[in-house]
Amino acid sequence: MTAITRVDAFAPATVANLGVGFDILGLALQAPGDIVRAEWGGDDPCAALVAIEGDNGLLPRDAKNTAIVSANHLLKTLKARRGVNLTIYKHLPLASGLGSSAASAVAAVVAVNALFGEPLTRADLLPSCLEGEAAVSGYHADNVAPALFGGITLVTGTSAHQILQLPVPADLHLALVTPDVAVPTALARAVLPKEVPLRTLVAQTAGVARVIDALYRGDIPSLAAAMESDSVIEPARAHLMPRLAEMRLIAKNAGAYGLVISGAGPTLCAVCASAAAAQRIAEAMKKHYDAAGIASAARHTLVATGGAVILETGSEK
Ligand code: HSE
């Protein structure tokens, strides 16, 4: 009999909020993403960290690591009788608004589940992923759900049946620029208003409804306008994002339909309708940061319709 001894899983970067949909909308990107390798550990049924590559030594190496928290939750759920060793290959910048903690948590859980022979469904894995995400950025699923399930997700609660898949327009291209400043999610949440006026609530609700309508109609210009209609979160966070207003102009002058903060920032996400436009817009945004002396990374990509994937399994007889 062949036994699996090693699994590498990939989980994608995600754009949470889609502007107006704070904590309830998110999408998975085709690239980049984190990879987690799971191998069998000792007799103690817990997750141990072998190494983290690509984080410049910034992530916790102890039980507080998001991948370890999630893997430990899964081991408990499985009533496992042995432990696992995890190696994390970080390809996402930290505290950048691209769902870095969610990607590591999801990749870890998918890898560990596969190591055990996939006893749980994707839906069953959601609570373990959320546990890791909660350890760093709060108990919300707008990064974890798209990283786990793929596509564009409407998060109406934290149970799998409350995660709804929305249509992904084929010509929805995204241009992303990440300035080299860290915006920890906890800080970006601390600056938010505790209450909003009723008329603001009505406008925000209408904005989310417009996003969903535009997705169902595949109408990219309307989608971008609806995403940008956020009048609660962006105004409160704008000061944390270098040159946000200028970047919106730069992106639009280069052909973008709109631009929003990706998740809690500082990555900015421009909505485009072709690969050529997305490439041009990503370059224009980076050039503008370069001119301002702000280091940045720019990329353009599409929505990933599938979520985390198993890349490779190793086995022995
Ligand atoms: N919805 C979250 C926020 C995403 O904007 O704070 C970041 O985890």
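Basis of the calculations
- Residues numbered from 1 in each chain as written.
- Predicted model: local features only at pLDDT ≥ 70, side-chain atom pairs only at ≥ 80, totals over all residues.
- Heavy atoms only, no water.
- Axes fitted to C-alpha atoms, helices over the stretch in contact; angles between N-to-C directions.
- Helix = DSSP H or I, 4+ residues; strand = E, 2+ residues; numbered from the N terminus.
- Left-handed = near helix turned anticlockwise from the far one by under 90°.
- Contact = heavy atoms within 4.5 Å.
- Nonpolar A, V, L, I, M, F, W, Y, C, P; charged D, E, K, R; others polar.
- Near = heavy atom within 4 Å.
- Polar contact = N/O pair within 3.5 Å; in protein donor to acceptor, adjacent residues only side chain to side chain.
- Domains from an automatic or database assignment.
- Expected span 1.5 Å × (residues − 1).
- Buried < 20%, exposed > 50% of the residue type's maximum accessible area, 1.4 Å probe, protein only.
- Arc of directions from axis to C-beta.

Colleague: Looking at this structure, I do not really get the packing of helix α9 (residues 244-253) against helix α10 (residues 275-291). What am I missing?
Modeller: At a closest axis distance of 9 Å, the pairing of α9 and α10 adopts a crossing angle of 140°. Crossing geometry of α9 relative to α10 is assigned as right-handed. On α10, the residues touching E246, M247, I250 and A251 of α9 are I281, A284, M285, H288 and Y289. Here the contact of α9 with α10 is composed, by residue class, of seven nonpolar, one polar and one charged.

Colleague: Just to check I follow, could you spell out the site of the ligand for this structure?
Modeller: Taken together, 13 residues lie around the ligand, and N17, D23, D142, R189 and R237 are the ones closest in. The separation between a nitrogen atom of the ligand and a polar side-chain atom of D23 is 2.5 Å. Within the contact set of the ligand, a nitrogen atom lies 2.6 Å away from a side-chain nitrogen or oxygen of D142. Within the shell around the ligand, the residues separate by chemical class into three nonpolar, six polar and four charged. Looking at the shell around the ligand, you find at least three residues from each of domain 1 (3-166 + 304-316) and domain 2 (173-301).

Colleague: Whenever I open this one, helix α6 (residues 198-217) confuses me. Can you help?
Modeller: Helical geometry note: an α-helix holds 3.6 residues per turn, so side chains three or four residues apart project in the same direction. Its 20 residues place the ends of α6 29 Å apart at the C-alpha level, agreeing with the 28 Å of an ideal helix rising 1.5 Å per residue. Residues T200, Q204, G207, V208, V211, A214 and L215 constitute the buried set of α6. Along the axis of α6, the buried positions cluster into a sector of 125°, meaning they face one direction only. Pointing more than 90 degrees away from the buried face of α6 are the exposed residues L198, R199, V202 and Y216. Check the buried side of α6 and you find it contacts β2 (25-40), β5 (152-155), β6 (163-166) and α7 (220-227). Of the residues flanking the end of α6, it is G218, one or two places downstream, whose phi is positive at about 65°.

Colleague: For this particular structure, what's the right way to read unusual backbone geometry?
Modeller: Only a minority of non-glycine residues have a phi that is not negative, and only a minority of peptide bonds are not trans. Of note, the amide linkage connecting A31 to P32 takes the cis form, showing an omega dihedral of 0°. Among the structural elements, P32 can be located in strand β2. In the segment running from G265 into P266, the intervening peptide bond is cis, with an omega of 5°. Its identity is not glycine, yet N17 carries a phi of approximately 80°, on the positive side. Checked against the element boundaries, N17 lands in the loop between β1 (3-16) and β2. For A95, which is not glycine, the phi dihedral falls at a positive 45°. Looking at where A95 falls in the secondary structure, it is placed in the loop between β4 (84-89) and α2 (100-115).

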